[in-house]
Amino acid sequence: MPTILNIETSTSVCSVALTSEGAVLEHFEEFQGKNHATVLSGFIKGCLDHLRRHEMKLDAVAVSIGPGSYTGLRIGLSEAKGLAYALDVPLIGVDTLKIMSVNVMFNHDVAPDALFAPMIDARRMEVYTAIYDLALNTLVEPTPLILEPDSYAKWLERGEVLFFGDGSDKARGLFTSPNAHFIPDVNPLAVDMLPLSDQAFRAGRFLDLAYSTPTYLKEFQATKPKRLF
């Protein structure tokens, strides 16, 4: 399996993880917020130092591509592009909402038919969300949404839906279905990128170093969110 440097900066949390052979070899996390530009380079250096000490070769750099904050994603993608170019390794883009779903999948008891509904806060009653099944198949593509009482009625009628992420607090008072379950304190973290970046590497899904851009919440807020469910 490939050795990958994973970078996650899409929210207030900044994290970096070095992964190989299905394991996390080194990782760093900062939960204080607004410090990405200060701590990211040091986190990356710590992982590269681990590579040198163990005489390992890096196969790829992976970075979260949103949705997320403009500043955080810009800092992360810039660092990732520069590193991939300098080391002549491919760049992998990983969806932030799937990273959050991996976190829940491996840290909580999840029923086989449960659905994941990650939410990233935008403004007022707006979130950026998606729906995945346990295999992380996409049932609803990442999309902006104005939260309303019946926003997820179709899915809640089918069974258990797990809501999590910093946008899910706004939904707690809206969804009264017994099938709605809320999981607190779920952040996108680099350690949870491992299965997603590995899969992308094996499939050869790489970003263009010159033209790749992330999904900024600013772009989402400039358009009218949809009501899809």
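In what follows, the structure referred to is the one given above.
Residues numbered from 1 in each chain as written. Predicted model: local features only at pLDDT ≥ 70, side-chain atom pairs only at ≥ 80, totals over all residues. Heavy atoms only, no water.

What about the overall build of the protein?
For the protein, the helix and strand inventory stands at 6 helices and 10 strands. Relative to its length of 229 residues, the protein is compact, with a C-alpha radius of gyration of 17 Å against a globular reference of 17 Å. Each of the 229 residues in the protein was classed as buried or not, and the buried ones make up 52%. Residue pairs at least 24 apart in sequence account for 65% of intrachain contacts in the protein once pairs closer than 6 positions are excluded. (Helix = DSSP H or I, 4+ residues; strand = E, 2+ residues; numbered from the N terminus. Rg over C-alpha atoms; globule rule 2.2 N^0.38 Å. Buried < 20%, exposed > 50% of the residue type's maximum accessible area, 1.4 Å probe, protein only. Contact = heavy atoms within 4.5 Å.)

Examining the pairing of strand β3 (residues 23-30)
Both strand β2 (residues 14-20) and β3 contribute to a ladder of 7 bridges, which runs antiparallel. Looking at β3, one finds that Val-16 is bridged to Phe-28. Count of turn residues in the β2/β3 antiparallel hairpin: 2 residues, of which Glu-21 carries a positive phi of about 55 degrees. (Pairing = 2+ DSSP bridges.)

Quick look at the nonpolar core
Of all hydrophobic cores here, the largest spans 28 residues; its most connected members are Ile-92, Val-94, Leu-97, Val-104, Phe-116, Leu-162 and Phe-164. At 5 residues, helix α3 (residues 96-107) tops the list of elements feeding residues into this core. In this structure Val-94 touches Ala-62, Val-63, Ser-64, Ile-65, Gly-66, Ile-99, Met-193, Leu-196 and Ser-197, once residues within four positions along its chain are discounted. Ranked by size, the runner-up nonpolar core spans 22 residues in total, among them Leu-40, Leu-58, Ala-80 and Ala-84. (Core = buried A, V, L, I, M, F, W, Y, C linked by side-chain atoms within 4.5 Å.)

Concerning the packing of helix α1 (residues 36-53) against helix α2 (residues 70-87)
At a minimum axis separation of 10 Å, α1 and α2 run at an interaxial angle of 35 degrees. Regarding α1 and α2, the two cross each other, and that crossing is right-handed. Residues His-36, Ala-37, Leu-40, Ser-41, Ile-44 and Leu-48 of α1 touch α2, and the partners they reach there are Gly-72, Ile-75, Gly-76, Glu-79 and Leu-83. The class makeup of the residues in the contact of α1 with α2 is 6 nonpolar, 4 polar and 1 charged. (Axes fitted to C-alpha atoms, helices over the stretch in contact; angles between N-to-C directions. Left-handed = near helix turned anticlockwise from the far one by under 90°. Nonpolar A, V, L, I, M, F, W, Y, C, P; charged D, E, K, R; others polar.)

Examining the packing of aromatic side chains
According to the stated counting rule, one finds 7 aromatic pairs in the structure shown. Each ring, one from Phe-116 and one from Phe-164, has its centre 6.3 Å from the other, and the planes form 75 degrees; the classification is edge-to-face. One end of the pair, Phe-116, is in strand β6 (residues 115-121); the other, Phe-164, is in strand β9 (residues 161-164), with 48 residues separating them in the sequence. An identical accessibility class is assigned to Phe-116 and Phe-164; each is buried. Arranged with centres 5.3 Å apart and planes meeting at 25 degrees, the rings of Phe-163 and Phe-182 form a pair that is stacked. Here Phe-163 is found in strand β9, whereas its partner Phe-182 is found in strand β10 (residues 180-183), with 19 residues between them in sequence. No difference in accessibility class separates Phe-163 from Phe-182, as the two residues are buried. A network of ring pairs unites the aromatic residues Tyr-152, Phe-163, Phe-175 and Phe-182 as a single cluster. (Phe/Tyr/Trp six-rings, centres within 6.5 Å; stacked < 30°, edge-to-face > 60°.)

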